[in-house]
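Fold and contact review
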Amino acid sequence: MSRLIRELAEAKMERDIIKNALAYRRLGVAVKCAFIKDQIPDYSLQVLCRALDVSRSGYRAWHTRKPSRRAQENPRLTLAL
């Protein structure tokens, strides 16, 4: 019985995550990872990654990756205008 209660709680949590992330599910991994980063205080990483079809290792790689050269140049280009 306790296993079923736990599974039900996890299913409800995943449902809530999916409702919040419905617009993000069709977008790229970077957008999904940004959403996960915002939601980590409220949900576990494992549940978020499972709900959005992102691997935990993929999220961690995205999180620790340095910005691309283009992303680093964008602020400089904005100032040049």
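On a predicted model such as this, the values are computed, not experimentally measured, just so you know.

About the cut-offs
Residues numbered from 1 in each chain as written. Predicted model: local features only at pLDDT ≥ 70, side-chain atom pairs only at ≥ 80, totals over all residues. Heavy atoms only, no water. Salt bridge = Lys/Arg side-chain N within 4 Å of Asp/Glu carboxyl O. Helix = DSSP H or I, 4+ residues; strand = E, 2+ residues; numbered from the N terminus. Buried < 20%, exposed > 50% of the residue type's maximum accessible area, 1.4 Å probe, protein only. Contact = heavy atoms within 4.5 Å.

**Focus on the pattern of salt bridges**
- Counting across every chain of the model gives 1 salt bridge.
- In this structure, the salt-bridge partner of Arg3 is Glu7, at a minimum N-O distance of 2.7 Å. Remark: Glu7 and Arg3 occur in helix α1 (residues 2–20); sequence separation between them is 4 residues, near one turn of the helix.
- Using a relative accessible area of 48% as the deciding quantity, one classes Arg3 as partly exposed.
- Residue class for Glu7 comes out partly exposed when judged on its relative accessible area of 39%.

**Considering helix α3 (residues 45–52)**
- Most of α3 sits inside the fold, with 6 of its 8 residues counted as buried.
- Restricting attention to buried positions, one finds in α3 the residues Leu45, Val47, Leu48, Cys49, Ala51 and Leu52.
- Buried residues belonging to α3 abut α1, α2 (29–39) and α4 (56–64).
- Of the residues one or two after α3, Asp53 is the one with positive phi, at around 55°.

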